[in-house]
Amino acid sequence: MCGIVGYIGNRQAEPILMDCLSRLEYRGYDSSGIAVRENDHCNDINVYKNAVRVAELKEKSPHLNGTTGIAHTRWATHGPPSLLNAHPHLDCSGRFAVVHNGIITNYQELKQQLIAEGHDIISETDTEVIPHLIEKYYHGNLEKAVTQAIAVLKGSYAIVVLCKDEPKLVIAKMGSPMIIGISDCEKFIASDTPAIISYTDKVIYLEDGDVGVITENSVAITKNGEEIRREEKHVDMCKADIQKNGYAHYMIKEIHEQPRVIRDMIADNALLTTRLTISENVQSLSIIACGTSYHAGLIGEYVIEELLGIPTNVSFGSEVNHRRMIFPNEVIVITQSGETADVLTSMKTMQKAGVKLLAITNVPGSTASRISDRTIYTKAVLEVSAAATKSFIAQLISLYQLTLLHPFVDPKMREILAAELVSLPAKVEKLFDLEPQIMECAKYLNQCTDVYFIGRGINYPVALEGSLKLKEIAYVHAEGYAAGELKHGPLALLCAGVPVIAIAAQDSNYEAMLTSIKETNARGAFVIALADENDKTIEDSVDMVFKIPHTHYLLSPVLNTIALQLLAYYTAKLRGCPIDFPRNLAKSVTVE
Ligand code: AGP
Ligand code: GLU
């Protein structure tokens, strides 16, 4: 979950590590820390860390002299954010410093053993056992000591180890992502490409079980003691997108990029951008994803069943890993980061069972793209804010495209939807005219403790997504319901003034939606509707309406979701929330 960086080269390590770390902060940000090996006769390792964000670390850290170092931004799994729990972690002698991403599942047992052997373990983390194990096994060869230490670890890890006595970095990976950036006379280690992209575009992706010894001029990788060659790859990533470009937050910048994202994805001809589709002979399909990507999957299910008649089910990655699942022979996985551990674990299980995997991801070179048989890259370009916005819309566009490409689609329908896709970016731009009205509505939500989102049919997942956005960035309790389910329980919670956000698209569910709205009205709820701009009657039944530009109902989730993204954003802004870095969350969830 965290961000890891390492540097060895001919320049001062500290400014480079700080710069790389700030580009990774979106991964985890409850604490941060840095360790640099001094370039003098004693080669001491100097560490500065605390439960602070990277900006504060940069500001407060004393100058750490040296050309080899490691740094970390943490997303706590074991022990709260604190100075002692922040990484890097050291052994008793201060000879080894370690940064770690992942979870050591047998750390309790190892900790007891190490304490019994005289090691002084001071943090609550699972990580701290690693430097102590290295200390235990070190007899003048860091690579050997790390290899022996990881042999006793259970769980997942990407680690970078710094040693006072050896001018090198030793790295190891199992289950958590790790790359090496290659440049002349310097090498970079990172958990994610954005960290190092302004220094080099040549990278090596490590595989599980790899151990690497890195010096400024060399990279040596072994697996099970055997030397192994890993191909150097070129990564293509836009450097400018890491800036906020004048916006107050990445989230609002990314929301405003959505017309561009859709334009890039549909290019000149909506159907030519992706040539990948579902195989013709599949009898049924599964979609696996988590969080917001799961909501994209639910919309995909609706589109695929409606246009292709192929039975489709959608499951959470975190659920399929712990039950017997009967998979069809083709599965679509959706993950913007391509690194979500729950999804990757299920991919590995499915692959063993012979399932063909089609991944939809936003990150070229991500683990999901490397595991899958086929990959569709969404063109959202790096998304920094923890809340997924443009990457979600890009996932929907990919799902529309791959469905429309399928030969089962009625040609007339294909033509209509392809034309609608082309007109969509302009409609999103028109939707942005609603921002002042959405800000007014945010003032109402700001006073509330509970908000209900209701939708039907293809807009039911939009209700789920609207409520997830509000929860995660504005910290307002919100629930998303299929509107027809309200009367089966949740209605008991409604009383005067409680906001109900009703998505009332012009589709076959419209009349039923009006009935649901009336039911909430009758309990005194404050109803805010998202309705088609041509809907002339909804005003009579609700307290507030956002008139959404007209589109085909199958594409209506795009516009409705963007309106709800804005609503969550402006509510969070009024509440003074740290919008891009919501508490307890991380952009890429690399632990199960
Ligand atoms: C989105 O706003 C969330 N922060 C989160 O639910 C996210 O969608 C989920 O963790 C899945 O991530 P992925 O798409 O990178 O797999
Ligand atoms: N499990 C480790 C900890 O809690 C690492 C967490 C992370 O990946 O940031 O410190």
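Computed from a predicted model, the values in this text were never measured in an experiment. Per chain, residue numbering runs from 1 following the sequence as it is written. As a convention, the first chain written is A and the first ligand written is 1, with the rest following in written order. The predicted origin of the model limits local features to residues at a pLDDT of at least 70 and limits the giving and counting of side-chain atom pairs to 80 or more, whereas totals for whole chains, interfaces and linings rest on all residues. To obtain the side-chain values, all non-hydrogen atoms of the structure were included, while hydrogens and water were left out.

**Side note on the environment of Glu216**
Phase 1 of the analysis: Runs of E in the DSSP output that reach at least two residues are strands. Runs of H or I that reach at least four are helices, and both are numbered from the N terminus. When you line up the elements, Glu216 lands in the loop between β12 (210–214) and β13 (219–223).
Phase 2 of the analysis: Burial classification: accessible surface area is computed with a 1.4 Å probe over protein chains only, and a residue below 20% of its type maximum counts as buried, one above 50% as exposed, and the rest as partly exposed. Judged by its relative accessible area of 29%, Glu216 is partly exposed.
Phase 3 of the analysis: Put simply, Glu216 and Thr389 are 173 residues apart on the chain and 39 Å apart in space, counted from C-alpha to C-alpha.
Phase 4 of the analysis: Only heavy atoms matter for contacts: two residues are in contact if any of them lie within 4.5 Å across the pair. Leave out the neighbours within four places in its chain, and Glu216 touches Ile8, Gly9, Cys185, Glu186 and Lys187.

**Considerations on the pattern of salt bridges**
Phase 1 of the analysis: Salt bridges are identified by distance alone: a Lys or Arg side-chain nitrogen within 4 Å of an Asp or Glu carboxyl oxygen. Tallying each qualifying case throughout the model produces 24 salt bridges.
Phase 2 of the analysis: With a shortest N-O distance of 2.7 Å, Glu533 and Lys430 are connected by a salt bridge. Here Glu533 is found in the loop between β24 (526–532) and β25 (544–548), whereas its partner Lys430 is found in helix α13 (residues 411–431), with 103 residues between them in sequence.
Phase 3 of the analysis: Several salt bridges converge on common partners, so that one network encompasses Lys253, Glu257, Arg260, Asp264 and Lys390.

**Section: the packing of aromatic side chains**
Phase 1 of the analysis: Two rings belonging to Phe, Tyr or Trp (six-membered ring only in the last case) form a pair when the distance between their centres is within 6.5 Å. Interplanar angles under 30 degrees mark stacking, angles over 60 mark edge-to-face geometry, and anything in between is tilted. Taken as a whole and assessed by the stated rule, the structure comprises 6 aromatic pairs.
Phase 2 of the analysis: Each ring, one from Tyr7 and one from Phe188, has its centre 5.3 Å from the other, and the planes form 55°; the classification is tilted. Remark: Phe188 occurs in strand β10 (residues 186–190) and Tyr7 occurs in strand β1 (residues 3–8); sequence separation between them is 181 residues. Of the two residues, Tyr7 and Phe188, neither departs from the other in class, the shared state being buried.

**Regarding the sheet that holds strand β6 (residues 96–104)**
Phase 1 of the analysis: Here the rule is simple: two strands pair whenever DSSP picks up at least two bridges between them. Ordered in space as β5-β6-β7-β8-β12-β13-β14, the 7 strands form an open sheet in which the pairing is antiparallel. Here the strands that pair on one side only, and so sit at the sheet edges, are β5 (89–90) and β14 (226–228).
Phase 2 of the analysis: The pairing of β6 with strand β7 (residues 155–163) spans 9 bridges and is antiparallel. By the bridge assignment, Ile103 is partnered in β7 with Ser156.
Phase 3 of the analysis: Helix axes use the C-alpha atoms of the stretch in contact, all axes being lines fitted to C-alpha atoms, and the angles between their N-to-C directions lie in the range 0 to 180 degrees. Along the sheet, helix α5 (residues 142–151) makes contact with β6, β7, β8 (166–174), β12 and β13, crossing β8 at roughly 25°.

**Focus on the packing of helix α15 (residues 460–474) against helix α17 (residues 556–574)**
Phase 1 of the analysis: Between α15 and α17, the least distance of the axes is 9 Å, while the angle of their chain directions is 20°. Taken together, α15 and α17 sit at an angle that is classed as roughly parallel. In the crossing of α15 with α17, the sense of the turn from one axis to the other is right-handed. Across the interface between the two elements, Val462, Glu465, Gly466, Lys469, Leu470, Ile473 and Ala474 of α15 pack against Pro557, Asn560, Thr561, Leu564, Ala568, Tyr569, Thr571 and Ala572 of α17.
Phase 2 of the analysis: As a working rule, the residues Ala, Val, Leu, Ile, Met, Phe, Trp, Tyr, Cys and Pro are called nonpolar, Asp, Glu, Lys and Arg charged, and the rest polar, with Gly in that last group. Class assignment for the residues of the contact of α15 with α17 results in 9 nonpolar, 4 polar and 2 charged. Roughly parallel means an angle under 35 degrees; roughly antiparallel means over 145; roughly perpendicular covers 65 to 115; every other angle is labelled oblique. Helix crossings get a hand from a simple test, with the near helix turned counterclockwise from the far one by less than a right angle marking a left-handed crossing and a clockwise turn marking a right-handed one.

**A word on the site of ligand 2**
Phase 1 of the analysis: As a matter of local geometry, ligand 2 sits amid 15 residues, with Cys2, Arg74, Thr77, His87 and Asp126 nearest to it.
Phase 2 of the analysis: Polar contact is defined as a pair of N or O atoms within 3.5 Å, subject to the rule that within protein one atom must be able to donate a hydrogen and the other to accept it, and that residues adjacent in sequence are counted only when both atoms are side-chain atoms. The separation between an oxygen atom of ligand 2 and a polar main-chain atom of Trp75 is 3.0 Å.
Phase 3 of the analysis: Here the open area of atoms and residues is found with the Shrake-Rupley method and a 1.4 Å probe, where only the protein chains shown may cover a residue. Protein burial of ligand 2: of its 300 Å² of free accessible surface, 100% is covered by the chains.
Phase 4 of the analysis: Sorting the residues of the shell around ligand 2 by element identifies β4 (68–74) and β6 as the ones contributing at least two each.
Phase 5 of the analysis: Residue contributions to the shell around ligand 2 peak at 3 residues, all from β6.
Phase 6 of the analysis: In the shell around ligand 2, the residues fall into 4 nonpolar, 9 polar and 2 charged. We define proximity as follows: a residue is near a molecule or strand when any one of its heavy atoms falls within 4 Å of that partner.

**Looking at unusual backbone geometry**
Trans is the common state for peptide bonds, and a negative phi is the common state for residues other than glycine.
Phase 1 of the analysis: That bond from His87 to Pro88 is cis: its omega, -5°, falls within 30 degrees of zero.
Phase 2 of the analysis: Looking at the element boundaries, Pro88 is found in the loop between β4 and β5.
Phase 3 of the analysis: Phi is positive for Val381, which is not a glycine, with a value near 60°.
Phase 4 of the analysis: Position of Val381 among the secondary structure elements: in the loop between β20 (374–377) and α12 (390–404).

**Some words on the site of ligand 1**
Phase 1 of the analysis: Around ligand 1, a shell composed of 14 residues is seen, among which Ser293, Thr335, Ser337, Thr340 and Glu472 lie nearest.
Phase 2 of the analysis: A distance of 2.8 Å separates an oxygen atom of ligand 1 from a polar backbone atom of Gln336.
Phase 3 of the analysis: Glu472 is positioned such that a nitrogen or oxygen atom in its side chain is 2.4 Å from an oxygen atom of ligand 1.
Phase 4 of the analysis: For ligand 1, whose unbound accessible area comes to 420 Å², protein coverage reaches 90%.
Phase 5 of the analysis: Among the detected pockets, ligand 1 sits in the largest pocket. As defined here, a cavity is a set of points on a 1 Å grid over the protein atoms alone where a 1.4 Å probe fits but cannot get out. A pocket is an open set with protein on both sides within 12 Å along at least five of seven lines, and residues line them when an atom is within 4 Å of a point. Placement in a cavity or pocket follows one criterion, namely that more than half of the molecule's atoms lie within 2 Å of its grid points.

**Observations regarding the sheet that holds β1**
Paired through backbone hydrogen bonds, the strands of a sheet run either parallel or antiparallel to each other.
Phase 1 of the analysis: Strand order across the open sheet formed by 8 strands is β3-β2-β4-β1-β10-β9-β11-β15, with antiparallel pairing between neighbours. Looking at the sheet topology across the chains shown, the edges are occupied by β3 (45–50) and β15 (232–234). The sheet shows a mean angle of 20° between the axes of neighbouring strands, taken without regard to direction.
Phase 2 of the analysis: Sheet analysis places β1 next to β10, joined by 4 bridges and oriented antiparallel. Looking at β10, one finds that Tyr7 is bridged to Phe188.
Phase 3 of the analysis: Helix-sheet contacts for helix α1 (residues 13–24) involve β1, β2 (31–37), β4 and β10, and the interaxial angle to β1 is about 155°.

**Re the layout of surface pockets**
Phase 1 of the analysis: Grid points are joined across faces, edges and corners, and a volume is the space filled by probe spheres set on the points. The volume enclosed by the largest pocket comes to roughly 560 Å³.
Phase 2 of the analysis: Lining the largest pocket are 29 residues, with Cys290, Gly291, Thr292, Lys587 and Val589 positioned closest to its centre.
Phase 3 of the analysis: When residues of the lining of the largest pocket are traced back to their parent elements, those giving at least two are α8 (291–308), β18 (330–335), α10 (341–352), α12 and α15.
Phase 4 of the analysis: A class-by-class count of the residues in the lining of the largest pocket yields 14 nonpolar, 12 polar and 3 charged.
Phase 5 of the analysis: Residue lining of the second largest pocket: 18 residues in total, with Ser156, Gly175, Ala341, Thr345 and Glu592 positioned closest to the centre.
Phase 6 of the analysis: Those elements that provide at least two residues to the lining of the second largest pocket are β7 and α10.
Phase 7 of the analysis: Here the element with the most residues in the lining of the second largest pocket is α10; it accounts for 6 residues.

**Remarks on the domain arrangement of the protein**
Phase 1 of the analysis: Partitioning the protein into structural domains gives domain 1 (3–237), domain 2 (245–409) and domain 3 (432–584).
Phase 2 of the analysis: Put simply, the middle of domain 1 and the middle of domain 3, counted by C-alpha atoms, are 44 Å apart. A domain assignment, automatic or from a database, supplies the domain bounds used here.

**Notes on helix α3 (residues 107–116)**
An α-helix turns once per 3.6 residues; consequently, residues spaced three or four apart project the same way.
Phase 1 of the analysis: By the burial criterion, the buried members of α3 are Tyr107, Leu110, Lys111 and Leu114. Down the axis of α3, the buried set is contained in an arc of 100°. They therefore lie on one face. Within α3, the exposed residues directed more than 90 degrees away from the buried face are Glu109 and Ala116.
Phase 2 of the analysis: Downstream of α3 by a residue or two, Gly118 has a phi angle that is positive, lying close to 105°. Read the arc as the range of directions from the helix axis to the C-beta atoms.

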